[in-house]
Every structure is written in C-alpha cells, then in structure tokens.
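Residue-level structural notes
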There are 2 protein chains.
Amino acid sequence: MFRQTLFRRAASLFVEARAELPSACAAPSPCRRLYSIQAQEDSIAKLPGIDASKLSIAKSTTPKKLVSPQELVFGRTFTDHMLSIEWTASEGWLPPRITPYQNLSLDPATCVFHYAFECFEGMKAYKNSQGQIRLFRPDKNMARFNKSSARIALPTFEPQPLIDLISQFASMEARFIPDMRGYSLYLRPTMIGTQRTLGVGPPGSALLYVIACPVGPYYPTGFKAVSLEATDYAVRAWPGGVGDKKLGANYAPCIVPQLEAAKRGFHQNLWLFGEEEYVTEVGTMNFFVAIKDKETGKKELLTAPLDGTILEGVTRDSILELARERLVPEGWVISEKKFTMQDLASAADEGRLIEAFGAGTAAVVSPVRKISWKGRMVECGLREDQEAGEIAGKMKAWIEAIQYGDEDHRWSYKI
Amino acid sequence: MFRQTLFRRAASLFVEARAELPSACAAPSPCRRLYSIQAQEDSIAKLPGIDASKLSIAKSTTPKKLVSPQELVFGRTFTDHMLSIEWTASEGWLPPRITPYQNLSLDPATCVFHYAFECFEGMKAYKNSQGQIRLFRPDKNMARFNKSSARIALPTFEPQPLIDLISQFASMEARFIPDMRGYSLYLRPTMIGTQRTLGVGPPGSALLYVIACPVGPYYPTGFKAVSLEATDYAVRAWPGGVGDKKLGANYAPCIVPQLEAAKRGFHQNLWLFGEEEYVTEVGTMNFFVAIKDKETGKKELLTAPLDGTILEGVTRDSILELARERLVPEGWVISEKKFTMQDLASAADEGRLIEAFGAGTAAVVSPVRKISWKGRMVECGLREDQEAGEIAGKMKAWIEAIQYGDEDHRWSYKI
C-alpha cells in the first residue's frame, strides 16, 4: 500500500498524464512490460505478441514506376507498401498489416513529437542474379531493436515473427530490388510512441512500422577514401547514456558538428571521448584501425569495445568474427579495446598505421584517408593513388559474398 | 573548389540523402541558417522570417465542451485550435495559420520519426478574475526555443512575432482558461523536422506548431513533498552533450530510470553526475537546496550552475533573481555552483539542510522530503507534518503573484 500510494502521488504530482495510461501500467509495478526481456514469467508476457499468421494485406492499386538503378538516392524512393503493427499496453501487439505506403496521421500531442520515443533499425535485402532474396543476420537487428525499444519504455517482441513479416514484405516488394551486385532494398524498421498526452511517462501505445527503399552501391565507381575531423567539443555518447542504442535521440544532436566538419572540408566527425581522447566512432559508423605493434611488430586490427558508448554494429560484429576466423591464421591480432587519438597519431608518425575504416550497413566499409586533429593531419596509411587498404577491401568482398549468396553462410537468411 | 568537392563527396558518401536538400544548403558552407543567431549578415537572414501579419485563421465549427476544472489532467485535454508555421530551407517561414486542432499527416520517412529532430517549450497563459490574460517571461521561452532548434539544425526565428502569434492564439482560446488561482492554459510550442528522407542530415523543412491545454493546480490540496532516488547508473546529461537544450532527445531516455525509482517507491530521480556525484537536476526540473554554511552559519540557497548539463529553466532563473532581490537583504547567500550528494548528506547529518525543492513551469516549486542515496535516506529538513519549507512557499507565492498579475512586474506579459 505504501508503494502504491507513493506511486500514485508520483503520477499525480510529477508524471501528470499517467491518468491516461492503461491499467496494465498501474502501480505498484509500473509497466512490467519493460522487463519482459529478462522476466518471461511476467504477467505482461501473456499479452499477445506479434502474430505473423494474422497478417492482413491490402495491395496498392497504383504501383509506382521503378526508378532506374543509376538514379537511386539513399532513403528517398520508397516501395509500394509498408508493414505496420500497433501495440497497446492493454492489448499487446495487434494483427500486422501490409498496406499501401501512406502517411501517418498523428495527433500533434503524440509523444513521439515531444519526447523522442523512437528507435529504428537499418538492414538490407539482397537479390542475386537468380532472383533469390536474402537478409543478412536479421537476428542481430531484431536483438538490437528490442534493446533500443526497452531502453525508452517502448514494447519488446519475439524476433522470429517480425523476421517472417519483414521477409514477406521484402518478397512483395521484390520488383524494386535490382539484381545487381551492390544494389539492395534498404529496410527501415521503426518504432514510435503514439500516446496522445504531454505527460512525461511510458507510452501506453506504440506503432512498429517497416518501410523500404531500393538503394544503389555506396561506391558506384569503387571505394572513395574519406577524411575525418577528430571531434572533442561535441560528445556523441557517455557512460550511463544511450549511445549504444539505435535511438532517434542519438542522431539529431550530431548534425551541427557534422556541418561544422563539412565547413572545414571534412566528410565526417571522428568522435573522441574524454580527456584521454579515446577514439569511439566515425559519423554514424563503427571505426576500425589496423596498426603494427610497436614491440612485437605484429599486425593488429583494433576497434573500440562495447562499453555502453559504442553502437553494437552488425557490420562491426561481422568484421570481428571474420577477422578472427580468416586474419588470425595469417598472424593478425584482433582486439576490442580502448585506444586514443594519440595512439593513432604515434602509429602514423612511426609508419605503423596500416589503414583505417568505418563500418556500417550502408557502406559495409568506408576507408579513411586522414584525420584532422589538433591542427595536424594524421595520415591513415593510404598512398595518394589508393582509395582503400587491404583489410577494408577484403572485408567488403567477404561480407558481400555472404550477403549476395556467393558463399553459403549461416549469416545469410534466405527468404 | 577543394572544399566543394570534398563536401560533395561527403554528401554522396556519408550523408546520402542530401540530394533532396534545397540549394540553400549546398556546399561549400552548408546550411548557413544554423548560424543565423550569431551572424545576422548571413544571406539566409534574407529569407522570410515569421510574419504575424500574414496570419490566417480558420475557426473550428465544432467547439469542444469545456472539461470541468476539477477533472483537468495535465496534457490530456486540448483546445479547439492550433497554431502552425511551416518552414523550408528555400522559402523561409511561410504564413502562420490558426486552424482547428487536427492530426498531422506525415510521410513515415519523415526525419522527426527517425532522428529526433524535435524540440519544444513549456509556458502558460494565466487569467485573473477580471479576465485579463498574461504570459510569464515569454521572451525567455523564445530564446531557449531558438537555442534548442539551432542545436539540432532546425531553423531559428525572431522572437516577437511568435510571441504575438501565441498571444493571439491564447486569446482565441480564452474560454478554456479557468479564471481561478492555480489554473492556467499550458502552451506547448513544438518544432519538428519534416524532411521525408532517411539520409542523416539537416532537415530541409520543418513545422513549428503550438497546442494548448487547460491545466489545474499542480497541488490542488496544497503542497505535497516528494521523495527522490539519487541516480548514478543512468546519466541524463554530460559536457559536450545537449542536456541544456529542450530537445525531445533528453526525455525518452529518462523514463526507464523514472520507472525504476517508482518501483522502489520514489517519485522521481535526482540526477547525479560524475565520480564526484554532483547534484544536477530532479526529474524534469531544476533543483534548489537551502543550507546553513558550516563555517559562517549563513543561510545559502544553492543550485547547479549552467555548465551545459543543466536545463536553463525559466523558473530557475526567476527564483534566482527573486532570491537575490528579496532574500539577500534578509542575510541569505545565493549561489549557482556545483555541489555534491555528499555535501547534501553532510549538511543533513549536521542539521544544516534547511530545505530542498524542484523548480519548473508545471509546479513552480516542488518541495522534497527525502533522498535515497547509497542505501541511506537523506532527510531534507521538513518536519513530518510539513509539506513545504519556507523558501519554497515564498517562491511559489511570489511567482504566482506575478503570473496572475497581483503584482505589477516586468515579467508579466499582458496579452
């Protein structure tokens, strides 16, 4: 009773709009669903999960004209349909729907507009020359999507039904996927809070939707190495923060620093952290560097560890696993550990910096030519006529071979 | 040329969807509008600003029934109309519109849903018994709104035209404002990015809108002191981050810690920062504490300084100014400086902690009874039968007297 009273006072005094929350979120244990990942015995687990068998499909009667592959711009041209699944705290996940691609109609008080109740994923469907469509490690995207949503009090879900639904959706949109190497269908699962009140509290309703856009190769004419500005005046992520989750909240604050870097002629920010100037991420990608160890002379592939400030990239994980399998036998050391901008600069000065690259779903890898840091330029191992190092090239080839099904691999998910 | 080439490569390689950005955002100085606050000579300043004289009004033909004052819930009941102003990077601010309150219809790829391009303000319109309506320091809200929007690459604006428009809007909705002490019309200016692409870049279009809801007194039956959980496992804000701006991004990540605190019987989080455990804010409010100095015995009113991790609260600023004017003559010392949870605990142990309270637009002040910290309870100076300290009570009375016009004051803005 004590707790219940206290929580009711919290609701009325601070949170203010809880009154509209469904009873599933009532005191004394507010919104048990948050902990459904850990606690499956939880009563909320009895609410309906995502049920792929209940999918309804309303086909578009005005199919779009295909954009020619050469004219595709990332994130601009969408397919005919979208997948939507509503959730409410009292009813759980409602039946999934595939409908014509259409606007969302939302009350201006909806919490996604005010408090950034939003998270997303980025994944791709690949078509090979025989027309076979594949996803790449969709289980990793679903796991991260659940972690992101739970962190901002949005609902979680069983991964497989959503993978099944995304597969059906991608199959329906197959005509939009060019069957050429480098092309794919970018899939954007998104979850938003849809509660229509201004009180700051856990959303009592949400919408999960997936939209899709055909995309061309990141490097249509081959790799192009980029230059970075080491950024310390703006800090992307912090221990105890949410920088390891794929939340909308992590993106808008990075745009002004990105524009500042562009103004000075750099493609992206290299996010440093702390007085030590630890190297964390580049733009919206994870960051890898290959160096020769000062003492042993051994070649080492390095990336920052998952300490809560680094996005858990699917490409990052794939590169690490492939490197451990295929580079270690060649004598490489593979490390997830903290390293500083000074470490990079010293390695460059001493001729030990072999190469550096970003890693993410969009580009697979993005080679780095140089980094501006404290008034100097740190060269990252590329010759002037060279746009990518050996490891970046190998990783791109290895991962794309799996993505397009040249190599039969457990990461490739046939739909 | 060098920069232009580089930026174009940045656009195509990383930012990906810049192609849709209007030409105002082209290289080599992307989106000058960002800096329009500092640089009025900027070319972008020539784009149309907000023009209150161009307001069009479409009145609702289905006026809502008033909710009885006793049944008002914060942020749940809205008025008949809303104010909207669209912006595009090529056209600037378009003519303002007051329309019936209605849903927003947005493409599912709109950047507000993916990257949290959103910021807001919270302010109130007060009606006295003669029917006169007043705002409270709207210039402060406008200044902060501009800082928030600029930080996430959304457009800025001249404050006065928006204050005029908000005044007109509030006047139109006058029937919704109860003319009783403690009641008011909560106004929620909101700005969202509306560009319809998935590329991560500055939005080429935005929507500023204002909605309004009548609200009752925060403490209908008098003050109710709250209890807090000192929170270190989750970090609200950090140096180089955006915790001092009123961005949506700062809110969703705080809900799970809030639910965790509620589960243990506490109303809100007291956000600590760093190994030193500096006291920063409480829930979504600034935090004040009154202590007796150990050496001098002087009474001191303390709050954390605006070091980039603290929201620049209008109520915080008002309390500081009133305290300097009215408490200093009584022998008080007023300080904006860092203090730690240990400082508070020591003051409590030594009988020097006089009182503590949160401060924000919703409650004006919210007295604090106790703080749970490292397995102990820090009592904040209230007797068991007491719900507010002297300073909290005085501040609430002083500020409300200005808000409702009992006292003629430059902070009160008659509309």
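Residues numbered from 1 in each chain as written. Chains lettered and ligands numbered in written order. Predicted model: local features only at pLDDT ≥ 70, side-chain atom pairs only at ≥ 80, totals over all residues. Heavy atoms only, no water.

Looking at an unreviewed UniProt entry, one finds chain A named Branched-chain-amino-acid aminotransferase and attributed to Lasallia pustulata. Per its UniProt entry, chain A bears the Cofactor (unreviewed entry) comment "pyridoxal 5'-phosphate". Among the UniProt annotations of chain A, the heading Sequence similarities (unreviewed entry) holds the following wording: "Belongs to the class-IV pyridoxal-phosphate-dependent aminotransferase family." (UniProt positions renumbered as here; feature names shortened; annotations may be inferred.)

Within chain A, the regular secondary structure consists of eight helices and 20 strands. By the burial criterion, 64% of the 415 residues in chain A qualify as buried. Look at the contacts in chain A between residues 6 or more apart in sequence, and 72% of them connect residues 24 or more apart. By element, 50% of the accessible surface of chain A is carried by carbon and sulfur atoms, the whole surface being about 15200 Å². (Helix = DSSP H or I, 4+ residues; strand = E, 2+ residues; numbered from the N terminus. Buried < 20%, exposed > 50% of the residue type's maximum accessible area, 1.4 Å probe, protein only. Contact = heavy atoms within 4.5 Å. Areas by Shrake-Rupley, 256 points an atom, 1.4 Å probe, with all protein chains shown as cover.)

Within the structure shown, the criterion is met by 28 aromatic pairs over all chains. On the basis of an interplanar angle of 35° and a centroid distance of 5.5 Å, the ring pair of Trp 238 of chain A and Phe 273 of chain B is categorised as tilted. Placement of Trp 238 of chain A in the loop between β11 (226-231) and α5 (255-263) and of Phe 273 of chain B in strand β12 (residues 268-273) is noted, with the two residues assigned to different chains. Summarising the burial analysis for this pair, Trp 238 of chain A and Phe 273 of chain B share the class buried. Here the basic side chain of Arg 326 of chain A rests over the ring of Trp 398 of chain A, its NZ or CZ set 5.3 Å away from the ring centre. (Phe/Tyr/Trp six-rings, centres within 6.5 Å; stacked < 30°, edge-to-face > 60°. Lys NZ or Arg CZ within 6 Å of the ring centre and 35° of its normal.)

Listed per partner, the contact involves 95 residues of chain A and 94 residues of chain B. For the pair chain A and chain B, the summed buried area comes to about 8100 Å², and 63% of that belongs to carbon and sulfur atoms. If you look at where chain A meets chain B, you find zero salt bridges. The interface formed by chain A and chain B holds 29 residue pairs in polar contact (both at pLDDT 80 or more) in total. In the side of chain A that touches chain B, the residues fall into 61 nonpolar, 18 polar and 16 charged. For strand β5 (residues 104-106) of chain A and strand β5 (residues 104-106) of chain B, the ladder comprises three bridges, and the chain directions are antiparallel. Along β5 of chain B, the bridge assignment pairs Leu 104 of chain A with Leu 106 of chain B. (Buried area = accessible area lost by both parts, 1.4 Å probe. Salt bridge = Lys/Arg side-chain N within 4 Å of Asp/Glu carboxyl O. Polar contact = N/O pair within 3.5 Å; in protein donor to acceptor, adjacent residues only side chain to side chain. Nonpolar A, V, L, I, M, F, W, Y, C, P; charged D, E, K, R; others polar. Pairing = 2+ DSSP bridges.)

This brings us to the domain arrangement of chain A. Often, the extent of an interface is quoted as the loss of accessible area upon association of its parts. Residues and elements named next belong to chain A. Here the domain parsing of chain A yields domain 1 (52-215) and domain 2 (226-414). Placing the centre of domain 1 and that of domain 2 at their C-alpha centroids yields a distance of 28 Å. Taken together, the contact pairs 33 residues of domain 1 with 28 residues of domain 2. Taking both sides of the interface into account, the surface hidden between domain 1 and domain 2 amounts to around 2800 Å²; carbon and sulfur atoms contribute 56%. Counting across the interface, domain 1 meets domain 2 through four salt bridges. The tally of links between domain 1 and domain 2 comes to 17 residue pairs in polar contact (both at pLDDT 80 or more). At the level of elements, β6 (118-120), β7 (123-127), β8 (133-136), α3 (138-151) and α4 (159-172) are the ones that each hand at least two residues to the side of domain 1 that touches domain 2. Element by element, the count of residues in the side of domain 1 that touches domain 2 is highest for α3, at seven residues. Residues of the side of domain 1 that touches domain 2, tallied by class, amount to twelve nonpolar, nine polar and twelve charged. (Domains from an automatic or database assignment.)

This brings us to the UniProt feature "modified residue: N6-(pyridoxal phosphate)lysine" (unreviewed entry) in chain A. Residue and element names in this part refer to chain A. In the numbering used here, UniProt assigns the feature "modified residue: N6-(pyridoxal phosphate)lysine" (unreviewed entry) to Lys 246. Locating Lys 246 in the fold gives a position in the loop between β11 and α5. Apart from the residues within four sequence positions on either side, Lys 246 is in contact with Cys 119, Phe 120, Glu 121, Gly 122, Arg 144, Ser 148, Tyr 251 and Leu 311.

A few words on the side chain of Glu 121 of chain B. All names here are of chain B. If you trace the backbone, Glu 121 turns up in the loop between β6 (118-120) and β7 (123-127). A polar atom in the side chain of Glu 121 sits 3.5 Å from the backbone nitrogen of Phe 145. Those residues within four positions of Glu 121 in sequence are excluded, and the remaining contacts are Asn 141, Arg 144, Phe 145, Tyr 186, Leu 187, Arg 188, Pro 189 and Lys 246.

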